Amino acid sequence: MSEEIIICRDVHKWFGDFHVLRGVTTTVRKGEVVVICGPSGSGKSTFIRTLNRLEEHQRGQIIIDGIELTHDIKNIEAIRREIGMVFQSFNLFPHLTVLQNVTLAPIWVRKMKRSEAEDLAMQLLARVGIAEQAHKYPAQLSGGQQQRVAIARALAMQPKIMLFDEPTSALDPEMIKEVLDVMRELARSGMTMIVITHEMGFAREVADRIIFFDQGRIVEENTPDEFFKNPQHERTKLFLSQILHH
Amino acid sequence: MRLIFRWLRENLFSTWYNTLLTVLVIWFLWVAFSGLFQWAVRDAVWSGGAAACQQARQLAQAEGRSWGACWTVIPENLKLFLAGTYPAGELWRIWVCVYISAAMLGLSAGVWRGLVRDVVVALGAAALVLLVLPFSWTERLWMFGIVLALVVPLGLRWVARSRIPRVRWILGGGWLALPILVVWLIGGGGPLPKVESTQWGGLMLTVLLAVIGIVASFPLGVLLALGRQSTLPIVRWFSILYIEIVRGVPLITVIFMASLMLPLFLPGHLRIDQALRAMIAFTLFTAAYIAENVRGGLQSISRGQIEAAQALGLSHWLTTLFIVLPQALRAVIPANVGQFISLFKDTSLVFVAALLDLFNIGRSILANPQWLGTDREVLLFVAFVYWVFTYAMAHLSRRLETILGVGER
């Protein structure tokens with residue numbers, strides 16, 4: 001298929017003595033949607049946080065869109081501009097309105113004109129279905145709406161890759177759908193996405209590939225069909241039986 | 001009328017023991033405050049200078065009863081209370097400062113909504129209240145001018161907003177230049193005759209010391225707080241050293257050092273003005289406390305906020321400027337205003353630098369044989385003025401919190 005936009009080779013990471021990532025090797029192609037799942041503490045969250053260097057990896061190589069992640073702060077900032085991230089707890093800026101949340105980075109990092117940034121922001125807010133909330137503050141919105149603002153905020157930087165770190169885990173069940181719908185639409189538009197989620201229905205429908213993490217390693221990766229029908233490893237089978245029949 | 005009766009019945013006489021309590025409390029209040037009322041209002045002397053007080057006192061002594069308050073000490077010494085020993089012929093310069101500040105406030109209220117307008121309304125109301133008090137007609141005219149200076153630019157705001165581009169920047173620059181302008185107007189220099197700062201005094205000096213202390217210590221404190229969290233070891237160690245040393249020293253010592261020790265260390269030709277030295281002392285002292293308050297605010301910002309900003313590609317400085325500081329500073333408004341209120345009151349310590357602020361002018365008036373025995377009147381008045389200012393600050397801080405807290409939690 002198309003070019004490889006993320007290349008990870010033997011990525012290791014320690015928190016003190018604790019070996020969180022034990023040699024992760026994988027590649028993600030442009031336009032691919034990858035779902036990562038696995039038990040808590042398996043290192044999946046740490047792994048995607050190394051991709052925009054919110055966590056530093058200590059061994060191995062990560063190459064994003066042709067640039068290798070090193071200590072060079074200029075490289076890190078350049079890579080962060082190309083990667084959008086959505087967090088479990090939204091992390092909207094509470095002192096800024098929705099519109100200001102979305103326009104802040106385009107204006108100050110991309111040096112976009114204010115009027116242009118606002119036009120772009122309004123388009124994105126319309127795309128995630130909350131244009132009418134643009135002048136409210138985050139605390140005035142529901143969880144689902146806040147997470148959609150967070151997605152719009154990340155998209156405003158016009159990133160090439162979007163990372164989702166359990167985007168629906170903090171939401172009430174009836175709000176999960178509205179966020180997943182936005183993500184579905186985004187996937188269809190051809191965005192490269194890496195999504196950590198326990199929403200297996202979403203994974204089956206949208207993902208091109210599912211990666212299963214356990215104890216800091218990739219245990220198994222496969223297409224959704226194969227992953228759910230023919231899990232290869234005992235650990236994967238156990239995980240699937242627990243998550244599908246609870 | 002019926003409403004009042006109902007309120008009384010429901011709140012004060014609802015049961016027999018509540019009735020008993022009400023009666024007891026009224027009796028207690030009477031015992032406690034009738035003496036105060038007699039002294040402060042019924043037997044008080046309101047006009048006529050020191051002689052009237054003397055007469056009233058002698059009369060009361062002859063009749064063997066207690067005498068009342070001598071309130072006339074306040075209007076008789078009003079000029080001292082407000083401006084100290086500032087030369088009478090140059091008093092207009094202080095008025096000009098007041099006028100410029102009022103006009104700036106009025107203009108700002110037109111341009112920025114919200115808090116500034118509150119300030120203008122409060123100050124305008126205060127000036128109107130002062131008009132009712134027994135001042136001379138020329139003084140009333142001056143004060144009415146303040147009301148005009150506040151209100152007229154408010155009316156001009158549409159002009160200001162539509163015709164001049166960047167009006168906010170111009171006004172902001174104006175506020176930055178204001179302290180310098182005020183110090184020049186009051187202190188003189190160039191075409192204006194010089195007024196030594198030892199002649200500045202009274203409320204004017206108190207306000208000047210407090211305002212300059214607040215305006216200068218706040219940014220310094222924020223920088224120190226950021227410095228304390230810096231990754232550069234020299235900056236961090238300097239900030240920690242500074243904060244811990246200054247916080248470990250009583251304010252009075254800092255002023256004492258600034259006014260008496262500093263001239264010994266500096267070369268003879270380099271003389272820093274006495275009032276300026278006090279201002280520097282207050283600023284340096286308060287900055288250390290502000291820094292610790294702000295540090296508390298910085299630490300209250302969650303990791304997620306910083307990560308979200310980083311993930312958007314914001315640099316360290318942009319993150320600090322747009323995400324961390326605004327939230328941190330808002331969180332510590334109450335603590336910082338508390339610090340500013342105590343700075344306002346601590347300005348009375350400038351007597352160690354031989355300056356006479358509001359409180360110390362009061363003491364010097366008491367030392368005048370003519371006004372012997374008016375301690376209670378003078379001290380009550382001084383306390384009242386301090387209270388008005390500090391209460392206004394506390395009130396504004398609460399308003400500021402509400403305004404800045406829009407939509408939060």
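Residues numbered from 1 in each chain as written. Chains lettered and ligands numbered in written order. Predicted model: local features only at pLDDT ≥ 70, side-chain atom pairs only at ≥ 80, totals over all residues. Heavy atoms only, no water.

Draft legend 1. Layout of the overall build of chain A. A count of helices and strands for chain A gives nine helices and 10 strands. Its C-alpha atoms give chain A a radius of gyration of 18 Å, near enough to 18 Å, the size a compact globule of 246 residues would have. Sequence separation of at least 24 residues holds for 66% of the intrachain contacts in chain A that already meet a minimum separation of 6. Of the charged side chains in chain A, 30 are positive and 32 negative; the average position of the first set lies 3 Å away from that of the second. (Helix = DSSP H or I, 4+ residues; strand = E, 2+ residues; numbered from the N terminus. Rg over C-alpha atoms; globule rule 2.2 N^0.38 Å. Contact = heavy atoms within 4.5 Å. Lys, Arg positive; Asp, Glu negative; His and termini not counted. Charge placed at Lys NZ, Arg CZ, Asp CG, Glu CD.)

Draft legend 2. Representation of the interface of chain A and chain B within the structure. The interface of chain A with chain B comprises 23 residues on the first partner and 22 residues on the second. Carbon and sulfur atoms supply 66% of the area that chain A and chain B bury against each other, a total of about 2000 Å² over both sides. The tally of links between chain A and chain B comes to one salt bridge. The partner of B:Glu307 in a salt bridge is A:Arg49, and the shortest N-O contact between them spans 2.6 Å. The interface formed by chain A and chain B contains five residue pairs in polar contact (both at pLDDT 80 or more). Looking at the side of chain A that touches chain B, the elements with two or more residues in it are helix H2 (73-82), strand S6 (83-86), helix H3 (98-108) and helix H5 (143-155) of chain A. Per element, the largest residue contribution to the side of chain A that touches chain B is three residues, and it comes from H3(A). (Buried area = accessible area lost by both parts, 1.4 Å probe. Salt bridge = Lys/Arg side-chain N within 4 Å of Asp/Glu carboxyl O. Polar contact = N/O pair within 3.5 Å; in protein donor to acceptor, adjacent residues only side chain to side chain.)

Draft legend 3. Summary view of the nonpolar core. Membership of the largest hydrophobic core comes to 79 residues, with the highest contact counts inside it found for B:Phe81, B:Tyr86, B:Ile186, B:Trp200 and B:Phe282. The element that contributes the greatest number of residues to this core is helix H14 (residues 274-299) of chain B, accounting for 12 residues. Aside from chain neighbours lying at most four places away, what touches B:Phe282 is B:Leu209, B:Leu251, B:Ile255, B:Leu343, B:Asp346, B:Thr347 and B:Val350. Counting residues in hydrophobic clusters, the runner-up holds 53 residues, among them A:Leu92, A:Met162, A:Val182 and A:Ala203. (Core = buried A, V, L, I, M, F, W, Y, C linked by side-chain atoms within 4.5 Å. Buried < 20%, exposed > 50% of the residue type's maximum accessible area, 1.4 Å probe, protein only.)

Draft legend 4. Looking closely at unusual backbone geometry. Residue and element names in this part refer to chain A. For arginine 53, which is not a glycine, the phi torsion comes out positive at approximately 55°. Although it is not a glycine, glutamine 215 adopts a positive phi angle of roughly 50°. Note on placement: glutamine 215 falls in the loop between strand S9 (209-214) and strand S10 (217-222).

Draft legend 5. Expanded view of the domain arrangement of chain B. All names here are of chain B. If you check the domain split of chain B, you get domain 1 (2-75), domain 2 (77-195) and domain 3 (218-409). A separation of 24 Å is found between the C-alpha centroids of domain 2 and domain 3. Contacts between the two partners involve eight residues from domain 2, matched on the other side by 12 residues from domain 3. Summed over both partners, the interface of domain 2 with domain 3 comes to about 930 Å²; 79% of that surface belongs to carbon and sulfur atoms. Our enumeration of links across domain 2 and domain 3 arrives at zero salt bridges. Our enumeration of links across domain 2 and domain 3 arrives at zero residue pairs in polar contact (both at pLDDT 80 or more). Elements with a contribution of two residues or more to the side of domain 2 that touches domain 3: helix H5 (78-83) and helix H7 (115-132). (Domains from an automatic or database assignment.)

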